[in-house]
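# Notes for the structure review
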Amino acid sequence: MMKKKSIPASKPSLMLFLCQIVSALDVPLDLSQPPTITQQSPKDYIVDPRENIVIQCEAKGKPPPSFSWTRNGTHFDIDKDAQVTMKPNSGTLVINIMNGGKAEAYEGVYQCTARNERGAAISNNIVIRPSRSPLWTKEKLEPNHVREGDSLVLHCRPPVGLPPPIIFWMDNAFQRLPQSERVSQGLNGDLYFSNVQPEDTREDYICYARFNHTQTIQQKQPISVKVVSMDSLNDTIAANLSDTDIYGAKPVTERQPVLLTPTGSTSTKVELRGNVLLLECIAAGLPTPVIRWTKEGGELPANRTFFENFKKTLKIIDVSEADSGNYKCTARNVLGSVHHVISVTVKAAPYWITAPRNLVLSPGEDGTLICRANGNPKPSISWLANGVPIAIAPEDPSRKVDGDTIIFSHVQERSSAVYQCNASNEYGYLLANAFVNVLAEPPRILTPANKLYQVIADSPALLDCAYFGSPKPEIEWFKGAKGSILRGNEYIFHDNGTLEIPVAQKDSTGTYTCVARNELGKIQNEVHLEIKDPTMIIKQPEYTVVQRYSQVSFECIIKHDSTLLPTVVWLKDNDELPDDERFLVGKDNLTIMNVTDKDDGTYTCVVNTTLDSVSASAVLTVVARPNPPFDLELTGQLERSIDLSWTPGDENNSPITNFVIEYEDGLHEPGVWHYQTEVPGTQTTVQLKLSPYVNYSFRVIAVNKIGRSQPSEPSQQYLTKSANPDENPANVQGIGSEPDNLVITWESLTGFQSNGPGLQYKVSWRQKDVDDEWTSVIVANVSKYIVSGTPTFVPYEIKVQALNDLGYAPEPSEVIGHSGEDLPMVAPGNVQVHVINSTLAKVHWDPVPLKTVRGHLQGYKVYYWKVQSLSRRSRRHVEKKILTFRGNKTFGMLPGLEPYSSYKLNVRVVNGKGEGPASPDKVFKTPEGVPSSPSFLKITNPTLDSLTLEWGSPTHPNGVLTSYILKFQPINNTHELGPLVEIRIPANESTLILKNLNYSTRYKFYFNAQTSVGSGSQITEEAVTIMDEVQPLYPRIRNVTTAAAETYANISWEYEGPDHANFYVEYGVAGSKEDWKKEIVNGSRSFFVLKGLTPGTAYKVRVGAEGLSGFRSSEDVFETGPAMASRQVDIATQGWFIGLMCAVALLILILLIVCFIRRNKGGKYPVKEKEDAHADPEIQPMKEDDGTFGEYSDAEDHKPLKKGSRTPSDRTVKKEDSDDSLVDYGEGVNGQFNEDGSFIGQYSGKKEKEPAEGNESSEAPSPVNAMNSFV
């Protein structure tokens, strides 16, 4: 089974290589080897005195090593101290402090020794010191009284602790004291004031020392600071001096900088290599000095230099000898500068150049241990063997010490030992253990067999072959089962056995074999390499700017190797996304709902697989309307101006373009804000112009591209003084409302415009062009004044002047007005009409004299109306039309006239009061025009070679019709048109039979009417002649007649066609656009009763046959009779009356039965007897459910029934020429049908026949014909 191991492509190969070097030198633990220290406590070990002390010492070796300790250079016998124990199979000491021991008793220098039969390894000297956090010494602190502007240092002087404490300043409320360029804490913990201000006065300056090891905080007693301002000092002096004395302290004076720390002009600083260099300069002065740092003769090191504490501290990290030199700090303000030079020397504790490494040799081999270190000053090198100075250690003929090198020649197994190298100077020491292990071992490959490596294409591939052997084996690599040894520039062979393919490609996939051999043997191992496609982000998130509370989405679409499972993680500012349900992570995107300001930042899509990781970032900028400005301040108050300043609010990532300033007049319009002005977004002050007698408040609104901020808080109020009005009322007018008055109106000044209390108006007028004096009145704060008794419509000069308690406004300008108008006196004369065409005429008139207008001439109105149509000679309701012509116009056009009609018109003058008298009516006529299209065109009765055309005359003939024009042409199956034939038809015709047509042919017809002017618009229709194969019995429904009563109608028709047709009746209200209602006729009879009709309503009706698509009769129109009182006996009334009178239920029942019999009896009449006498088995009885007749036919003859005449509007009955006509049995209007089809009325034995009307008939008598006789 293969073991998989992933090599991240991003991991540097050098790091892996170095790690593998170490592992290659490790001796397998199953082989003999000297001890190696694997873990130990730090050299300077500060412990918590309240907890047990644990001094670590761990080592490995074969056989396992034993451990011993020295304390302060002598053997430390742990068996004699009950508080000290050593962990099993370990050298780690545990000193029990928590059970009565004292940490101070165990201070000292400890060293651990690990020993076995092949040598001894030693640890560093471990200095054990317990942490200390002493209390502050008690001291009496005097209050600090300081003049405003002077410098001040508050000393902290914390107790000496181990390690040194962290210092910070707070107040009694445990709030950190604010620090700035003026006030800051020094490196020694003191609080420095470059200059004190009155706000520095307080009694709770407290220095705190935090000791991290013991987790304790010590507090110094509070320090009191009292800043004496110049104003209070002058008041004190004035109280103690006489009026004649000259007194007064000098105002706060500015001072040039003086260094508070360090003192003098130069100082020195020593720092060790690798540490952090901190240099400090704090200066006093007023204004507060600014600190600048430079290095003499060089530049401050880039990427390692930082400025802290408001640039008062220069910080250089990881210093080296190259950072030695002179550093200059300069403190500067407007009055001068001061500088200080710090000479920095970088010393160095010993550091390794080459540390000794473990040496594994086979018997007879040579080798060296090298120990090279550097430092400042240069360290001394000393060697130990198994923890003993080499000078006094047992001799070994195979070794030779040469300074920092030990040379081994022809080693034997007894040469195995542990050597220590010590490099030391005055700033520290280095101690390293390195063993010499003499072994004879055949090669081993420590890398697991068949290990699988997966690498991303175009990345380095590192194939391990960790090995061990003594002598050191040689390593060779092969690819494939029978591959040759790998060589060339495309491979790198590391000393630890690792094969590196710098740029792995797809063809690098395969099996690789590592072979290790020495003089004692040979071994090989196979590993496998797979190359994967890199993961890529093909659609990256993009920089986005969105408004607050909107939605934003970032895309992250990836492409990856199909065998790798990617995971996508979204980060915000390189941290996890907030735990917020607004963040929705999809498969390929991140969506943020309802975006807020805190969502602003960098969003990163990180795609991880087991082999690689890619990421892409985008910045989200959330913009919004600005925050409102604040800190509004009014300065420079004058009578007509004031200065306003403010502080802008946050612009919310969209620059402020301008500020809008608004004002409120608390005196006249409290709560109403008005626009004042606006300034650019870079400006935060403005001078505002003011008006008198206004109690101003101001507010500022910031504007950016997103919108306007909320208004700022209002400024303080400012009341301006009163003054004369600056302006007079606007829009002054003089217009009379009556013929004898003049109404003067104006727009009143607002309270803001009044400039003072007591606002009034002086109204003045005089007649224009007349040498009159001005007439004036003073009115209250109104907007209208009426002058009575004026002549009709004369011009006046008018002016209105504002005034208040302080005086008048400037002299107003004059306007011209007029007194009231009256109706015009005369009508326009000489009215003439010129007819241009059949729909357009031009009218002329003479203007009226202006004096007779008696007002402002607004124009003329022409009234015109149609009298009658010349073609129909019928009058109708007169609808007058009006056209208005503005100004002094004397002609106009009358459009939209109807052709061939007679019109009248008159003209009137119009002023502001109304219309004058009308001119005499003028009559004119329009000529003929072309007619409208025929009202309909129907094509019926198709035969083999003929069609019948029926049409209706045009709705608007627009003249005298001269003829109709019919054009038609055949249409073939491909819709191509044949030759066009034209026929002219006399105007008095309404039908035409076209003969000699082709059979089974579709024709298209074009039909229009003509007057003497020309042809009107045409109507088109199509029809088809029938086929000639078999002479069919063409179905036809004709002679549809109706007999209507109040709420029902009997419909009958004649039918020609195949037997057993199923009919239906469709009906609806005439003229309505509603769908037709459909009733099915039971059986094949040719009559039907429509029920439920509305009295006094016109209906349309037609009859059709089921199964014959589109086959219907022509429409017929009938009208139901008006609602009439019922002729039937009111049973309910009779029953109720009899019940009231008799109160006998039996009599009521008998009367009800009698009424029922009378209602259904209907009397006997001869038709009924004849029907009984001539009973036919095909005749169906009347159905009770719908009241319709069954089919009635003559057994001897089946000829179609003839059409009877319709019922006239006076509802009289005309008799058909039939012996059995129902008219013979009825009289006049009483002959009517009931709803169920039964005949109602008084029947007599009268047999006299009236002269026949209509068509004569020789057919057998029929009740259908009898019904049809009701016209």
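Scroll up to find the structure this text is about.
Quick look at the structure, then.

What counts and how
Residues numbered from 1 in each chain as written. Predicted model: local features only at pLDDT ≥ 70, side-chain atom pairs only at ≥ 80, totals over all residues. Heavy atoms only, no water. Helix = DSSP H or I, 4+ residues; strand = E, 2+ residues; numbered from the N terminus. Buried < 20%, exposed > 50% of the residue type's maximum accessible area, 1.4 Å probe, protein only. Contact = heavy atoms within 4.5 Å. Areas by Shrake-Rupley, 256 points an atom, 1.4 Å probe, with all protein chains shown as cover. Core = buried A, V, L, I, M, F, W, Y, C linked by side-chain atoms within 4.5 Å. Pairing = 2+ DSSP bridges. Axes fitted to C-alpha atoms, helices over the stretch in contact; angles between N-to-C directions. Patch = residues over 30% accessible without salt bridge, like charges linked within 9 Å, V, L, I, M, F, W, Y side chains within 5 Å. Salt bridge = Lys/Arg side-chain N within 4 Å of Asp/Glu carboxyl O. Phe/Tyr/Trp six-rings, centres within 6.5 Å; stacked < 30°, edge-to-face > 60°. Lys NZ or Arg CZ within 6 Å of the ring centre and 35° of its normal. Polar contact = N/O pair within 3.5 Å; in protein donor to acceptor, adjacent residues only side chain to side chain.

## Section: the overall build of the protein chain
Looking only at helices and strands, the protein chain has eight helices and 95 strands in total. Of all 1271 residues assigned to the protein chain, the portion counted as buried reaches 41%. Within the protein chain, contacts between residues at least 6 apart in sequence are counted, and of these 65% link residues at least 24 apart. Of the roughly 68,500 Å² of accessible surface on the protein chain, 50% is carried by carbon and sulfur atoms.

## Quick notes on the nonpolar core
Within the largest apolar cluster, 29 residues are counted, with the highest numbers of intra-cluster contacts made by Ile53, Ile55, Trp69, Ile95, Tyr110 and Ile128. Within the residue set of this core, elements represented by two or more residues are β3 (44-47), β4 (53-55), β5 (57-62), β6 (66-71), β9 (93-95), β10 (108-116) and β12 (126-130). Of all the elements, β10 adds the most residues to this core, at three residues. Residues within four places of Trp69 in sequence aside, it is in contact with Ile55, Gln56, Cys57, Thr74, His75, Phe76, Met86, Gly91, Leu93, Tyr110, Gln111 and Cys112. Of all hydrophobic cores here, the second largest spans 20 residues; its members include Leu644, Ile656, Tyr663 and Val700.

## What about the sheet that holds strand β35 (residues 399-402)?
Pairing within the open sheet is antiparallel, and its three strands lie in the order β31-β36-β35. With partners counted over all chains shown, the strands left at the sheet margins are β31 (367-370) and β35, one partner each. Neighbour to neighbour, the strand axes of the sheet diverge by 15° on average, direction disregarded. The sheet contact formed by β35 and strand β36 (residues 405-408) spans four bridges and is antiparallel.

## A few points about the sheet that holds strand β90 (residues 1077-1080)
The four strands lie next to each other as β90-β89-β92-β93, forming an open sheet whose pairing is antiparallel. If you trace the sheet from one side to the other, it starts and ends with β90 and β93 (1116-1119), each paired once. In this sheet, adjacent strand axes meet at a mean angle of 30° when their direction is disregarded. As defined by bridge partners, strand β89 (residues 1063-1069) adjoins strand β92 (residues 1098-1105) across seven bridges and the pair is classed as antiparallel. Looking across to β92, one finds that Tyr1064 is bridged to Gly1104.

## Some thoughts on unusual backbone geometry
Of note, the bond from Leu162 into Pro163 is cis; its omega dihedral lies within 30 degrees of zero at -10°. By the element assignment, Pro163 lies in the loop between β14 (152-154) and β15 (166-170). The omega torsion across Leu286 and Pro287 is 0°, close enough to zero to call that bond cis. Relative to the helices and strands, Pro287 is located in the loop between β24 (282-286) and β25 (290-295). A positive phi is found at His410, a non-glycine position, where the angle reads about 45°. In this structure, His410 sits in the loop between β36 and β37 (417-425). Residue classification places His410 among the exposed residues on the basis of a relative accessible area of 56%. Within the chain, Asn653 stands out as a residue other than glycine whose phi angle is a positive 70°.

## Describing a nonpolar patch on the surface
A cluster of nonpolar side chains, Val1144, Leu1146, Leu1147, Leu1149, Ile1150, Ile1153, Val1154, Phe1156 and Ile1157, forms an exposed patch at the surface whose accessible area comes to about 820 Å². Structurally, the position occupied by Leu1146 is in helix α6 (residues 1145-1161).

## Section: the packing of aromatic side chains
Under the definition given, this model contains 27 aromatic pairs. When the ring of Tyr696 is compared with that of Phe698, the centres are 5.4 Å apart and the planes differ by 5°; the resulting orientation is stacked. With a centroid separation of 5.7 Å and an interplanar angle of 55°, the aromatic rings of Trp746 and Tyr761 are classed as tilted. Taken together, the positions of Trp746 in strand β66 (residues 741-747) and Tyr761 in strand β67 (residues 760-767) put the pair 15 residues apart, joining distant regions of the chain. Owing to a relative accessible area of 4%, Trp746 belongs among the buried residues under this scheme. One Lys or Arg, Lys43, reaches over the ring of Tyr429 and ends 4.0 Å from the middle of that ring. Positioned above the aromatic ring of Phe891 is the side chain of Lys842, whose terminal nitrogen or guanidinium carbon lies 4.9 Å from the ring centre.

## Details of the pairing of β6
Relative to β10, β6 runs antiparallel, the two sharing six bridges. Each residue of the ladder has a partner; that of Ser68, found in β10, is Thr113. Pairing geometry for β6 and strand β7 (residues 74-75), over two bridges, is antiparallel. Across the sheet, Thr70 pairs through a bridge with His75, a residue of β7. Hairpin remark: β6 followed by β7, antiparallel, with two residues in the connecting loop; positive phi at Asn72, about 55°.

## What about the side chain of Ser123?
Mapped onto the elements, Ser123 comes out in the loop between β11 (119-122) and β12. You can call Ser123 buried: its relative accessible area is 0%. A polar side-chain atom of Ser123 sits 2.8 Å from the main-chain amide nitrogen of Cys112. Once you skip the residues sitting within four places of it in the chain, Ser123 turns out to touch Gln40, Gln111, Cys112 and Leu431.

## As for the environment of Ser470
Within the secondary structure, Ser470 is located in strand β42 (residues 467-470). Measuring from C-alpha to C-alpha, the distance between Ser470 and Glu365 comes to 9.7 Å, with 105 residues separating the pair along the chain. Sequence-distant contacts of Ser470, that is, excluding residues within four places in its chain, are made with Val360, Leu361, Ser362, Leu439, Ala440, Glu441, Asn518 and Leu520. Among the polar contacts made by the side chain of Ser470, one reaches the main-chain carbonyl oxygen of Leu439 at a distance of 2.5 Å.

## Some words on the pattern of salt bridges
According to the stated counting rule, one finds 37 salt bridges in the structure shown. For Arg304, the salt bridge is made with Asp323, and the minimal N-O distance between the two is 3.0 Å. Separated by 19 residues along the polypeptide, Arg304 in the loop between β25 and β26 (305-308) and Asp323 in the loop between β27 (313-316) and β28 (325-333) bring together distant segments of the chain. Asp323 gets classed as buried once you look at its relative accessible area, which sits at 4%. Across the salt bridge formed by Glu662 and Arg699, the nearest N and O atoms sit 2.8 Å from each other. Placement of Glu662 in strand β60 (residues 656-665) and of Arg699 in strand β63 (residues 695-704) is noted, with a sequence separation of 37 residues between them.

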